[in-house]
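Report on the structure
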Amino acid sequence: MTAVQTDTDTAVYALRLGDDALVLAQRLCEWAARAPQLEEDVALLNLALDLLGQARSLLTRAGELAGPDPNGTVRTEDDLAYLRDEPEFCNALLMEVQSGDFGRTMARQLLVSAWQVPLWTALAASADEGIAGVAGKAVKEAAYHLDHARSWVLRLGDGTAESHRRLQQGLDDVWPYAAELFERDALLDRLVERGVAADPALLEPQWRATVQAVLAEATLTVPETTWRPTGGRRGQHLTGFGYLLAELQHLHRSHPGATW
Amino acid sequence: MVTTVREVLATVTDPELPVLTLEDLGVLREVSVDGDEVTVTVTPTYSGCPAMDEIRADITAALAQHGYRATVRTVLSPAWTTDWMSEDGKRKLREFGIAPPGPVLLQIGRRVSCPQCGSADTEEMARFSSTSCKAMWRCRSCREPFERFKEH
Ligand SMILES: [Zn+2]
């Protein structure tokens, strides 16, 4: 293995992308054996599996790019997934919003996947070869996830009065968290300049067009809100996040080195 | 030497689709041999496909049986596509009861034939199935359900 050149900025960016995938995968896994139908149980876990695979590659890359710590140890995907505490996770808040009912889960998925398709499309040309490699696969997976979320949002939004009401409620619940996906900070300024990161300002119009088209066809209303919760990228998380991490990390922390 | 290593690798199959060798599946990128040291480069099918861990272990074990010390490298780019599956692999899938993938660029409106009776009167039941790579379909002629390897 050739040593990877240490690059702290890109390491943090890979960690953000990896945490997004890992945390959403964990939320989707909560549906195991609880989805409204068997086929949907399988579908949600397949989505989670794709995301988990992306997370594994991205966290590995983040560890390599961060380089060895003072003891000479490079953190592995497992170290990063299982041994960090809440303030060290830098996923967007939308990924950790509680799944709620099936309507809210699908509204969240629509907003995430509609962002990931242009994100991974742009990142397939990233100057970081590790991120570009993940993106080339992830773009196909995200497109399939988007199709799935779209079909459920249409079916439930333009379904019965009750399914419409619940999907609209779920959408209203998750909508404010989407704004954080398009925030830009000093790190992104530097990485966009270097051709490593995708420019959030360029992703937003495509995201908005995709989401608005689906919502219009689903007879749903685009929520109006001025509330823009933020902080996930800086390690500030929602109340339920500690519980999510406890479930994710408990086994590994209680039984270090456990294998199947 | 390379031929022998290739022959050994030809016996390694996908643990979830045992009719397909790694070559049929199109995940084998490169094989280089230096004495008894072999480096095998593979490309995963789906990001989270759990079969890939098994495949890496199987490659190392199969080569070790023939006295080779193998290192398996994973390369993500360019991304694997079902277009890399061999024609032989597609035929074996059909015989196994799984509808094989068609060309990725021609998938819109493409008819999927039933692997049991060959009828094109088929429909999708679910977009996901037992593994990342498949969807659930059924045949309206013979009434049998079947799995379809998705274009990817
Ligand atoms: Zn049939």
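Model, not experiment: these values are computed from the prediction.

So, on to the coordination of the zinc ion. Residues and elements named next belong to chain B. Donor atoms from the polypeptide that bind the zinc ion are Cys 114 (SG), Cys 117 (SG), Cys 139 (SG) and Cys 142 (SG), placed at 2.3 to 2.4 Å. Coordination at the zinc ion comes from 4 donor atoms whose angles at the metal span 105 to 116 degrees, giving a geometry best classed as tetrahedral. Read N to C, the donor residues that coordinate the zinc ion are spaced as C-x2-C-x21-C-x2-C. Of this pair, Cys 114 sits in the loop between β6 (98-99) and β7 (122-126) while Cys 139 sits in strand β8 (residues 134-139), and the two are 25 residues apart along the sequence. Residue Cys 114 shares its accessibility class with Cys 139, and that shared class is buried.

Once that is clear, we can look at the packing of aromatic side chains. Applying the stated criterion across every chain, the model contains 9 aromatic pairs over all chains. Geometrically, the ring pair formed by A:Tyr144 and B:Phe128 is edge-to-face, given 5.3 Å between the ring centres and 85 degrees between the ring planes. In this pair, A:Tyr144 is assigned in helix α6 (residues 129-157) and B:Phe128 in the loop between β7 and β8, connecting two distinct chains. Classification of B:Phe128 as buried rests on a relative accessible area of 5%. Note on A:Tyr177 and A:Trp227: the rings are 5.7 Å apart at their centroids and 75 degrees apart in plane angle, and the pair reads as edge-to-face.

Here the focus is the pattern of salt bridges. Side chains carrying opposite charge are able to pair once their charged atoms draw close together. Evaluated as defined, the whole model comprises 33 salt bridges over all chains. The salt bridge involving A:Asp9 is made with A:Arg190; its shortest N-O contact spans 2.7 Å. Pair noted here: A:Asp9 is in helix α1 (residues 8-29) and A:Arg190 is in helix α8 (residues 186-193), with a separation of 181 residues, a long-range link. For A:Asp9, a relative accessible area of 19% gives the class buried. Overall, A:Arg190 belongs to the partly exposed group, its relative accessible area being 42%. One salt bridge connects B:Arg127 with A:Asp147, and the closest N-O pair in it is separated by 3.7 Å.

Attention now goes to the pairing of strand β3 (residues 28-34) of chain B. Residues and elements named next belong to chain B. Of the strand pairs in this sheet, β3 and strand β4 (residues 37-42) are connected by 6 bridges, and their pairing is antiparallel. Within the sheet, the bridge partner assigned to Ser 32 lies in β4 and is Thr 39. In sequence, β3 turns back onto β4 through a hairpin of 2 residues, with Gly 35 there showing a positive phi of about 65 degrees.

At 3.6 residues per turn, the α-helix brings residues three or four places apart onto the same side. Residues and elements named next belong to chain A. Taken together, the buried positions of α8 are occupied by Leu 187, Leu 188 and Leu 191. Along the axis of α8, the buried positions cluster into a sector of 90 degrees, meaning they face one direction only. Packing partners of the buried residues in α8 comprise α1 and α9 (200-217). Two residues or fewer after α8 comes Gly 195, characterised by a positive phi angle close to 80 degrees.

Facing the 20 residues of chain A at the interface are 20 residues of chain B. Both faces combined, the contact of chain A with chain B buries some 1,700 Å², and carbon together with sulfur accounts for 59% of it. A per-residue breakdown of the area chain A buries against chain B is headed by A:Lys137, A:Lys140 and A:Tyr144, which together make up 38% of the total. Run the count over chain A and chain B and you get 2 salt bridges. Among the elements of the structure, α2 (38-66) and α6 of chain A are those that each provide at least two residues to the side of chain A that touches chain B. With 11 residues, the top contributor of residues to the side of chain A that touches chain B is α2(A). Tallied by class, the residues present in the side of chain A that touches chain B amount to 6 nonpolar, 7 polar and 7 charged.

Okay, the domain arrangement of chain B next. Residue and element names in this part refer to chain B. Split by domain assignment, chain B resolves into domain 1 (5-80) and domain 2 (86-149). Facing 10 residues of domain 1, the contacting portion of domain 2 comprises 12 residues. In total, about 920 Å² of surface goes out of reach between domain 1 and domain 2, with carbon and sulfur atoms giving 72% of it. In terms of surface lost to domain 2, no three residues of domain 1 exceed Leu 17, Val 19 and Asp 24, which account for 52% of the buried area on that side. Across the contact surface, domain 1 and domain 2 share 1 salt bridge. With a shortest N-O distance of 2.5 Å, Lys 92 and Asp 24 are connected by a salt bridge. Where domain 1 touches domain 2, the interface holds 2 residue pairs in polar contact (both at pLDDT 80 or more). Residue assignment for the side of domain 1 that touches domain 2 shows that the elements contributing at least two residues are β2 (17-21) and α2 (22-25). Among the elements that take part in the side of domain 1 that touches domain 2, β2 stands out by supplying 5 residues, more than any other.

With that settled, the discussion passes to the packing of α2(A) against α6(A). All names here are of chain A. At a minimum axis distance of 10 Å, the contact between α2 and α6 shows a crossing angle of 160 degrees. Looking at the two axes, α2 sits roughly antiparallel to α6. Pair α2 / α6 crosses with left-handed handedness. Counted together, Glu 40, Ala 43, Leu 47, Asp 50, Leu 51, Gln 54, Ser 57, Leu 58 and Arg 61 of α2 and Glu 129, Gly 130, Val 134, Ala 138, Glu 141, His 145, His 148 and Trp 152 of α6 form the full contact between these two elements. Residues of the contact of α2 with α6, tallied by class, amount to 7 nonpolar, 5 polar and 5 charged.

Reading the values: rules and limits
Residues numbered from 1 in each chain as written. Chains lettered and ligands numbered in written order. Predicted model: local features only at pLDDT ≥ 70, side-chain atom pairs only at ≥ 80, totals over all residues. Heavy atoms only, no water. Donors = N, O, S within 2.8 Å, 3.2 Å for Na, K, Ca; no water. Tetrahedral: all angles 85-135°; square planar, octahedral: opposite > 155°, others 65-115°. Helix = DSSP H or I, 4+ residues; strand = E, 2+ residues; numbered from the N terminus. Buried < 20%, exposed > 50% of the residue type's maximum accessible area, 1.4 Å probe, protein only. Phe/Tyr/Trp six-rings, centres within 6.5 Å; stacked < 30°, edge-to-face > 60°. Salt bridge = Lys/Arg side-chain N within 4 Å of Asp/Glu carboxyl O. Pairing = 2+ DSSP bridges. Arc of directions from axis to C-beta. Contact = heavy atoms within 4.5 Å. Buried area = accessible area lost by both parts, 1.4 Å probe. Nonpolar A, V, L, I, M, F, W, Y, C, P; charged D, E, K, R; others polar. Domains from an automatic or database assignment. Polar contact = N/O pair within 3.5 Å; in protein donor to acceptor, adjacent residues only side chain to side chain. Axes fitted to C-alpha atoms, helices over the stretch in contact; angles between N-to-C directions. Parallel < 35°, antiparallel > 145°, perpendicular 65-115°, else oblique. Left-handed = near helix turned anticlockwise from the far one by under 90°.

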